[in-house]
Amino acid sequence: MDGVKFNHLLHGGDYNPEQWFDYPEILKDDIRMMKKARINTVSLGIFAWCKLEPVEGVYDFDWLAEIIDRLYENGISVNLATPSGARPHWMADRYPEILRVNMDGSRNHFGMRHNHCYTSPVYRRKVREMNQALAARFDSHPGVILWHVSNEYGGECYCPLCQQAFRGWLKEKYGSVEELNRRWYTAFWSHTYDTFDQVEPPMPTGEMAIHGLYLDWKRFVSDQVGDFLRSEVEALREVGAKKPVTTNFMYNFQEYNYHKIAKFVDVVSWDNYPTWHRKQERLTAMDTGIQHDIMRSMKKAPFLLMESCPSPTNWQPVNKLRRPGMVEAASLQAVAHGSDSVLYFQIRKGRGGFEKFHGAVIDHYGKEDDRTYQECCQVGEDLIRLSECNHTWVKADAAVIFDWENWWAIDESKGPRNQGMYYKETVEKSYYAFRKQGLNVDVLDMEQSIEGYRIVAAPLVYMFRAGFEAQVRKFVEEGGIFILTYWSGVVDENDLCFLGGTPGGLMDVMGLRSTEIDGLYDGESNYLCPVQGSVDAGMLSRNYRCEHLCQLVEVSTAVPLMVYGDEFYQGTPALTVNQYGKGKAYYICADAEQSFYDDLYRNICKEAGLKAPIPCFVPEGVEITTRESEDTQYIFIQNYNRTDVKLPIRVNDYEVIFQSEGVKTGGAITLRKFNTVVLKNRK
Ligand code: GLA
Ligand code: ZN
């Protein structure tokens, strides 16, 4: 298996000793407390540029060297950051072009972070010089295990340099302005371009009507940020740096297509900040679970949880305390889904500034009897007990498609509902339906291969791109089970509608043509009801509610399994199945309630022979996830309900390698709220 393997599961987090230069006793204290909490890794230098290059061209790395040495002597490794996420005042003053420009053309003042132009040759040069100096000095240090490049790249820049680069990107892509006009359909409203020089980024005070422009700008921004990352990595490599590289991604981050950025790192990492206890924990756990799975699926290799909060954050609308046991559950959930680390933001809580009330392993109070600190110590112990899971694999037979470009396109399409198409929520319905059965799920974009999965669900794939139709055809032909929903295969990669019927290129595979789609006002609903007499796995026996969108279809070879219960299209198909080649293709016509997905997917999985790794029904709110090595399977069972759950599993059939405090394993397994059990099974 590929990916970056560390010696053990990493435990630790962001550490900012540069904020504590006036408190020399702190470092000693921190190291003592880190060791006690079994912390073995910290991320250093993320926002330290000011201290690394206090005056232009004068590097001061000695303090960093000393800290890396001291940590190393104490068994603590370092993810060493490149500091490009924020820069010193002198740089912005001297080279204003590095500051970001807003959509309205105004240039930012110095301040905050992520406030840089990712095209600016000056900024790229400054970053390159810094990265090379850091790499030359520290890459060979045995305590440095990973390069943490920048921090949470985010945002867009509209400066003249970025706009120029965008026009260059377009020229490269389309060759001629005539071709660009064709692909963007600019005859519409007389918006034809005469030259590339006329092209501006999409903006509300200018062009928002050309969807091809909108999508290409988003693609360009992802590519340009990816290129900035590439240049950061190249700088490290040019001076011989050998340590692996990552950059930390964010939750549900629509701005950039992370797949385009992930290709420049050796290991994917991300920062997880769920609002635990806001809604039912089982729902938050599902939502967090899909993010973990997206991150893992990008490289189909273990990932790193780079940041998480051991107690409340300080930037969410309400910052609620983590209830006892939540930090353990959330940390082990990451490991269950394929993370080889549990890292926090931050090790020591800062005294001042924007994040002075952000949770940390070590509080302002600074002593060991702090509740959060003790919970982190517990996680440290847990990870040692789970060390044999390090770099084991999460194998999935089911996959769900979640595609960034499709997400952008749906939200901008000016289609059947401009007040909510619910792309992410729709993807989650399929994802949850698999997960509720205890199945691992890969979450792929349209460019990834779907070969080898038993079942692939593709919800709301409005845009077909990257040869997806051809992949699906082959997949079904060869025996795969494919599930498509309403409003799929409507446009091509330039957001141009398919002519001659939809889903474009898959009408024969699906055995139908989608004809019209009804947008429902909020609060309106329809329902799906069973067609009597069918014996297909997709056959359900009760009615289910649907809302938002109802697709009308005309079947050719597909068999209707459910029909609409109301409206002028009452009695017309609402769920169909089509036999194609050796496989089957299901089509879900409407935005049906979760229980519809749960029941349908349960039947389909059963028919396909996919079942949970434990020999009993998986109750709602219980997460089952497996990691495996060549000969061993590790079954993680977590209870996200607020009440106890009893699973009739014979513990003697397994080795219990981990159980949270409170778990009972006599005869059956009883988990209290937020408890985790890990069972080991020889394959
Ligand atoms: C992000 C950043 C960190 C910190 C945390 C706070 O993840 O990467 O530097 O600001 O948020 O939650
Ligand atoms: Zn710029």
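Before any of the text, the structure's been laid out above.
These figures come from a predicted structure and were not determined experimentally.

Quick look at the overall build of the protein now. Regarding its fold elements, the protein presents 17 helices and 26 strands. Dimensions of the protein along its principal axes, counting C-alpha atoms only, are 75 × 75 × 40 Å. Within the protein, contacts between residues separated by at least 24 positions form 73% of all contacts whose residues are at least 6 apart in sequence. Carbon and sulfur atoms make up 50% of the accessible area of the protein, which amounts to about 26,300 Å² in all. Charge-centre separation for the protein: the mean point of 76 positive side chains lies 5 Å from the mean point of 93 negative side chains.

This paragraph deals with the site of ligand 1. Around ligand 1, the structure places F47, R113, N151, E152, N248, D271, Y273, E307, W315, F345, E355 and H358. N151 is positioned with one of its side-chain polar atoms (N or O) 2.8 Å from an oxygen atom of ligand 1. Protein chains bury 96% of the 310 Å² of accessible surface belonging to ligand 1 in isolation. The residue makeup of the shell around ligand 1, split by class, is 4 nonpolar, 3 polar and 5 charged.

Here we take up the sheet that holds strand β7 (residues 269–272). Taken in spatial order, the 3 strands of this open sheet run β6-β7-β8, and their pairing is parallel. Only two strands of the sheet have a single neighbouring strand rather than two, namely β6 (248–249) and β8 (304–308). Relative to β7, β6 is paired through 2 bridges, and the arrangement is parallel. Its bridge partner lying in β7, F249 is registered against W270. Across the sheet, helix α10 (residues 281–299) lies against β6, β7 and β8, angled at about 170° from β7, the strand it touches most.

This part takes up unusual backbone geometry. Following F345, the chain continues into Q346 via a peptide bond in cis, with omega recorded as 15°. Relative to the elements of secondary structure, Q346 occurs in the loop between β9 (341–344) and α12 (371–385). The peptide bond linking T502 to P503 adopts the cis configuration, its omega dihedral lying at 0°. Note that P503 resides in the loop between β13 (481–485) and α16 (507–510). Its identity as a non-glycine residue notwithstanding, H114 has a phi of 50°, on the positive side. Inspection of the secondary structure puts H114 in the loop between α4 (89–94) and α5 (121–138). Phi is positive for H548, close to 65°, though the residue is something other than glycine. With respect to the helices and strands, the residue H548 is situated in strand β16 (residues 544–555). A relative accessible area of 11% means that H548 is categorised as buried.

The subject of this paragraph is the pairing of strand β26 (residues 676–682). Counting buried residues in β26 gives 5 out of 7 residues, a clear majority hidden from the surface. With 7 bridges joining them, strand β22 (residues 632–639) and β26 adopt antiparallel strand pairing. Each bridged residue has a counterpart across the sheet, and for T632 the counterpart in β26 is R682. Where strand β24 (residues 655–659) and β26 come together, 4 bridges link them in antiparallel fashion. For E655, the partnering residue across the bridge sits in β26 and is K680.

Inspection of every chain in the model, using the stated rule, returns 4 cavities of 30 Å³ or more. The space that makes up the largest cavity amounts to roughly 90 Å³. Around the largest cavity sit N272, P274, W276, L305, S308, C309, R322, V327, A330, S331 and Y344, which together line it. If you list the elements that add at least two residues to the lining of the largest cavity, you get β8 and α11 (326–336). For the lining of the largest cavity, the element with the most residues is α11, which contributes 3 residues. Broken down by class, the residue content of the lining of the largest cavity amounts to 7 nonpolar, 3 polar and 1 charged.

Turning our eyes to something else, we now look at the packing of aromatic side chains. To describe a pair of aromatic rings, one takes the distance between the centres and the angle between the planes. Enumeration over the complete set of coordinates arrives at 37 aromatic pairs. Geometrically, the ring pair formed by Y59 and F61 is tilted, given 5.4 Å between the ring centres and 35° between the ring planes. Taking the relative accessible area as the measure of exposure, Y59 reaches 32% and is therefore partly exposed. The exposure class assigned to F61 is buried, which follows from its relative accessible area of 6%.

Attention now goes to the coordination of the zinc ion (ligand 2). Protein coordination of the zinc ion (ligand 2) is provided by C117 (SG), C157 (SG), C159 (SG) and C162 (SG), with donor distances spanning 2.3 Å. One can describe the site at the zinc ion (ligand 2) as tetrahedral: its 4 donor atoms subtend angles covering 101 to 118° at the metal. Look at where the donors of the zinc ion (ligand 2) fall in the sequence and you get C-x39-C-x1-C-x2-C. Of this pair, C117 sits in the loop between α4 and α5 while C162 sits in helix α6 (residues 160–174), and the two are 45 residues apart along the sequence.

Reported here for the largest pocket is a volume of approximately 760 Å³. Q19, F47, R113, F354 and E355 are the residues nearest the centre of the largest pocket, which is lined by 25 residues in total. Per-element accounting of the lining of the largest pocket gives the leading share, 3 residues, to helix α2 (residues 49–52). Considering only residue class, the lining of the largest pocket consists of 11 nonpolar, 8 polar and 6 charged.

Reading across the sheet, the 4 strands line up as β21-β22-β26-β24 and stay open at both edges, with antiparallel pairing between neighbours. At either margin of the open sheet sits one strand with a lone partner, and together these are β21 (622–628) and β24. With direction set aside, neighbouring strand axes in the sheet form an average angle of 20°. Both β21 and β22 contribute to a ladder of 7 bridges, which runs antiparallel. Bridge assignment links R627 to a residue of β22, and that residue is Y634.

Take E405: it is sitting in helix α13 (residues 404–412). Separated by 2.8 Å, the side chains of E405 and R219 make a polar contact. Discounting residues that sit within four places of it in the chain, E405 has contacts with L215, R219, N257, K260, E447, M463 and R465.

Here α11 crosses α12 at 35°, and the two axes come no closer than 9 Å. Every pair of crossing elements has a handedness; the one defined by α11 and α12 is right-handed. The residues of α12 that touch α11, namely those facing M326, V327, E328, S331, L332 and V335, are E375, Q378, V379, D382 and L383. Split by residue class, the contact of α11 with α12 holds 6 nonpolar, 2 polar and 3 charged.

Another point: the state of the cysteines. Two cysteines, two sulfur atoms, one covalent bond between them: this is a disulfide. Under the criterion given, the structure shown has 0 disulfides. The structure places no disulfide on C377, whose sulfur is separated from the nearest cysteine sulfur, that of C376, by 7.1 Å.

Conventions and cut-offs
Residues numbered from 1 in each chain as written. Chains lettered and ligands numbered in written order. Predicted model: local features only at pLDDT ≥ 70, side-chain atom pairs only at ≥ 80, totals over all residues. Heavy atoms only, no water. Helix = DSSP H or I, 4+ residues; strand = E, 2+ residues; numbered from the N terminus. Contact = heavy atoms within 4.5 Å. Areas by Shrake-Rupley, 256 points an atom, 1.4 Å probe, with all protein chains shown as cover. Lys, Arg positive; Asp, Glu negative; His and termini not counted. Charge placed at Lys NZ, Arg CZ, Asp CG, Glu CD. Near = heavy atom within 4 Å. Polar contact = N/O pair within 3.5 Å; in protein donor to acceptor, adjacent residues only side chain to side chain. Nonpolar A, V, L, I, M, F, W, Y, C, P; charged D, E, K, R; others polar. Pairing = 2+ DSSP bridges. Axes fitted to C-alpha atoms, helices over the stretch in contact; angles between N-to-C directions. Buried < 20%, exposed > 50% of the residue type's maximum accessible area, 1.4 Å probe, protein only. 1 Å grid on protein atoms, 1.4 Å probe; cavity = no way out; pocket = protein on both sides within 12 Å on 5 of 7 lines; lining within 4 Å. Points joined across faces, edges and corners; volume = space filled by probe spheres on them. Phe/Tyr/Trp six-rings, centres within 6.5 Å; stacked < 30°, edge-to-face > 60°. Donors = N, O, S within 2.8 Å, 3.2 Å for Na, K, Ca; no water. Tetrahedral: all angles 85-135°; square planar, octahedral: opposite > 155°, others 65-115°. Left-handed = near helix turned anticlockwise from the far one by under 90°. Disulfide = S-S within 2.5 Å.

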